[in-house]
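Breakdown of the fold
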Amino acid sequence: MATGATASRLAVLAPRPLAPAPGRRRHAPAPGCGPSRPRGLHAAPRGRVLCLAAPAPAAPSTTDAGQDRLRKVPISNIRNFCIIAHIDHGKSTLADKLLELTGTVQKREMKEQFLDNMDLERERGITIKLQAARMRYVMNNEPYCLNLIDTPGHVDFSYEVSRSLAACEGALLVVDASQGVEAQTLANVYLALENNLEIIPVLNKIDLPGAEPDRVAQEIEEIIGLDCSDAIRCSAKEGIGITEILDALVTKIPPPKDTAKDPLRALIFDSYYDPYRGVIVYFRVIDGSIKKGDKICFMANGKEYVADEIGVLSPNQMQVDELYAGEVGYLSASIRSVADARVGDTITHYSKKADHALPGYSQATPMVFCGLFPIDADQFEELREALEKLQLNDAALKFEPESSSAMGFGFRCGFLGLLHMEIVQERLEREYNLNLIITAPSVVYRVNCVDGETVECSNPSLLPEPGKRRSIEEPYVKIEMLTPKDYIGSIMDLAQDRRGEFKEMNFITESRAKLIYELPLAEMVGDFFDQLKSRSKGYASMEYSLIGYRESQLVKLDIQINGDPVEALSTIVHRDKAYAVGRALTQKLKELIPRQMFKVPIQACIGTKVIASEALSAIRKDVLSKCYGGDITRKKKLLKKQAEGKKRMKAIGRVDVPQEAFMAVLKLEKEVL
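Going by the annotation in an unreviewed UniProt entry, the name recorded for the chain is Translation factor GUF1 homolog, chloroplastic, with Sorghum bicolor given as the source organism. Reading the Sequence similarities (unreviewed entry) entry of the UniProt record for the chain gives the comment "Belongs to the TRAFAC class translation factor GTPase superfamily. Classic translation factor GTPase family. LepA subfamily." What the UniProt record of the chain gives under Subcellular location (unreviewed entry) is the line "Plastid, Chloroplast".

Laid out in C-alpha cells, this is it:
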C-alpha cells in the first residue's frame, strides 16, 4: 500500500487505482521535496508524474507562501504600511489576523495581541511600542512583500506613530463601526496626510449588534474628507474582510521608489538595548542596499561599525544577507554605547557616504515633568543606566539630574503625558528592578524677571524669589473633545472648573458634538482624562496640542513642618486654588507624620503668609505618676521642668518625614491639582 498522503495525491491524478508490486518497500518523500513515486507503482502517463513531483506555480496557498517570506521580490512588489486608529478600535486584533492569514505566524503559535510583546501591553490591553512584521502575500500568482509597522493608539504615544509613518507609503485607517470617528482618529489621519500617505479606510467590528457602518462611513466622509464609497467592512475578530484588506494593500498603496543603485541611506525608526548583542537598530532602507559585513557609518555622530548581522522582522528576527531600497529590517553591529545609534539618524556606507542625511523626525516636546528618585540611594547609577537604555527605546523621554533635600539624588524627567509617565515608571521598576518614588507631575513655567531675563522652571524649587519675578506664564493647550450630545453639559462643567476658555462647539452628526477649549496644561495633567471618561460613561475622547504660554496669577505654595520648609512638597498653583490645595496637604500630613515629644506645627504658606495650618499634638509623658499624694507644689515643679524640656527640644528638634508620607502626599497632590 502507498502512504495515505501519496495515495490521495495519486488518486486525483490517475483515473485507475494504483498499487505497489508485491514485496517492494515503501519510500517516504524527502524532507522539503514533493512526494516521490513509490517504487513498483504502475507507470502513470509521463506528464502526470511531472505534475506530481513539481506542482504548478499557482498551487501554493497563502499560508505556504508565508513560510517563504525571506525570498526576494522586485521593489515594485514591496508595500510598506501601518495601521492607525484610536485606542481600542481593533488595531492589534487586525494585525493578528493579517499575520495569521498570510502564514507569517502559524495557528498553533498564535495568541491575542501577538505583536504586543510587553507584559504591560497585555495587562492593559493597549499598544505602547511600535512593532514591525514582514509578510508575504500572493495575489494573481504574483508574490508581494508586505511590511507592517503596528502603532499605538493613545494620544500620549503619538510620537511613536509619527516615526512609523515616516517609514511607510500607506496606512490602514481603522474605525470602530459601533463608535465612529474619535479624537485620536483625527490626529493620526492628519499625521498621515502630512507624510503624503495613501489612506485606506477600514470599518471594523461590523459583527457587533450596535455596528452602524453606513453612519460611520458618512462620518468619515464629513469629518475627514476621505471617500468611503469603497471602504472595506471587516471584523478582525471573526476574520471577515481580511482578504479584501490584503488585496487593497497591494492595489492601492504605491511601491517604494527604485533607488537601490544610489548610495545607502537608511532611516532608524526604532532601537533597543540587548545585554548580549548591544544596541539593535530597526531601520527602513530608503536608498541603496546594505549587506552583512558592510562597514557602516551613522551620519549624526560619524561613528563607524561593521554590520555583523542584518535581517528582517517577521515578526521574530530572521537573518538575511542583503536588504535593498524599500525593505524594513534590523541591524546588529556590537554597538555598546546607547548614544551612538539614535532614533531618526541615517545609516550610510563608510566608503561611499551619502551626500546628506535624511530629515529624521521632529523633536518630541515633553508636556509633563516629574521627579524620579530611587528609594535606595545606592541605585542612583542603576537608574541613570536604565533611563539611558529606555530613552534609546523611547525617544520621547527626556531627563536630567536633580537633587532634593528630602529624597536625595534623582532625575527630573519629561513625558508626553500622564499615561506615558506611568508606563515609564512601571517599565523601570519591572525591567530594571528599581524601587522608585515619583513626585507630583508639573509643567514648565516661564518666569519673567524684573531684570528682563526669562527663566524656564519645571521644578518649584527653581522658582526665583518673589522680589525678583515680575510675572509667571504657564503653557496652554487647545483641547478637542468628541462626545455624544447627552454629555455636553457635564463636560463643559469639567472644562470650566479647570479654568478652560470655551472656543467652539460643532455638531459633527446629529448625535455627536465636538467641543474646543483652551485651558492650562497644568489643569489637564491631573485626572482630567479620567474625569472626562467618567462623566461621559467612557464615550468621550480627546486630543490636545500645545498653543503657547499665557500670563496667569500663579504662586508658589510652600509646606513648612516645625518652621522648616520642605522643598519636595512645594508646588506652583493658581492663586484661586491655593487655599484648597494647602488645606488638603496640611490635613494629610497631620495624619501621616508620627507624633513627636513636642508640638509640631504644619503650615501651608505663600511667601511669608500662612494660608492653612494644622498641628501635631505632643506625646505627653506622665511625670506625675510617681507623685502619689503630697503637696501640689511638687507636681507643679515637675510639670514646669517638663515644659522647659519640651521648649528646648522644639528649638533644636528636627522632624523626619517618612517616605510613606511623601508618597501619600504626592498622590494627594495629583488628585487635588
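Observations regarding helix H15 (residues 578-592)
Here H15 is 15 residues long and its end C-alpha atoms lie 21 Å apart, about the 21 Å a rise of 1.5 Å per residue gives. Considered for burial, the residues of H15 that qualify are Ala578, Val581, Gly582, Ala584, Leu585, Thr586 and Leu589.

Considering the sheet that holds strand S17 (residues 368-374)
Read from one edge of the open sheet, four strands run S18-S19-S17-S20, paired in antiparallel fashion. Every interior strand has two partners, whereas the edge strands, strand S18 (398-404) and strand S20 (436-438), have only one. Sheet twist, expressed as the mean angle between neighbouring strand axes with direction ignored, is 30°. As paired elements, S18 and strand S19 (residues 408-415) share seven bridges and run antiparallel to each other. Bridging across to S19, Phe399 finds its partner in Cys413. Where helix H10 (residues 380-393) meets the sheet, it contacts S17, S18, S19 and S20, and its direction lies at approximately 15° from that of S19. Across the sheet, helix H11 (residues 418-431) touches S17, S19 and S20, and the angle it forms with S20 is around 170°.

Points about the side chain of Arg499
Tracing the sequence through the fold places Arg499 in the loop between helix H12 (488-497) and strand S24 (501-507). Only 3.0 Å separates the side chain of Arg499 from the side chain of Glu523, close enough to count as a polar contact. Apart from the residues lying within four places of it in its own chain, the contact partners of Arg499 are Glu474, Tyr476, Glu518, Leu519, Pro520, Glu523, Ser552 and His574.

A word on the sheet that holds strand S13 (residues 317-320)
Pairing within the open sheet is antiparallel, and its eight strands lie in the order S11-S10-S16-S7-S8-S15-S12-S13. Since the sheet does not close on itself, it has two edges, and those belong to strand S11 (304-306) and S13, each with one partner. Strand-to-strand twist across the sheet, computed as the mean angle between neighbouring axes with direction ignored, equals 40°. Sheet topology note: the strand S7 (residues 265-274)/strand S16 (residues 346-349) ladder contains two bridges and is antiparallel. Pairing of Ala266 across the sheet is with Ile347, part of S16. On the sheet, H10 packs against S7 and strand S8 (278-287) and is oriented at approximately 145° with respect to S7.

Remarks on the confidence of the model for the chain
Predicted confidence across the chain gives a mean pLDDT of 75, with 78% of residues reaching 70 or more. When pLDDT is averaged over each helix and strand of the chain, the minimum, 37, is found for helix H2 (residues 46-53) and the maximum, 90, for H12.

Here we look at the packing of helix H4 (residues 91-101) against helix H9 (residues 242-252)
Running from N to C, H4 and H9 cross one another at 85°; their axes reach a closest spacing of 10 Å. In terms of orientation, H4 lies roughly perpendicular with respect to H9. Between H4 and H9, the residues in contact are Leu94, Lys97, Leu98 and Leu101 and Ile242, Thr243, Ile245 and Leu246, respectively. In terms of residue class, the contact of H4 with H9 is built from six nonpolar, one polar and one charged.

Parameters and conventions
- Residues numbered from 1 in each chain as written.
- Predicted model: local features only at pLDDT ≥ 70, side-chain atom pairs only at ≥ 80, totals over all residues.
- Heavy atoms only, no water.
- UniProt positions renumbered as here; feature names shortened; annotations may be inferred.
- Helix = DSSP H or I, 4+ residues; strand = E, 2+ residues; numbered from the N terminus.
- Expected span 1.5 Å × (residues − 1).
- Buried < 20%, exposed > 50% of the residue type's maximum accessible area, 1.4 Å probe, protein only.
- Pairing = 2+ DSSP bridges.
- Axes fitted to C-alpha atoms, helices over the stretch in contact; angles between N-to-C directions.
- Contact = heavy atoms within 4.5 Å.
- Polar contact = N/O pair within 3.5 Å; in protein donor to acceptor, adjacent residues only side chain to side chain.
- pLDDT = per-residue confidence, 0-100.
- Parallel < 35°, antiparallel > 145°, perpendicular 65-115°, else oblique.
- Nonpolar A, V, L, I, M, F, W, Y, C, P; charged D, E, K, R; others polar.

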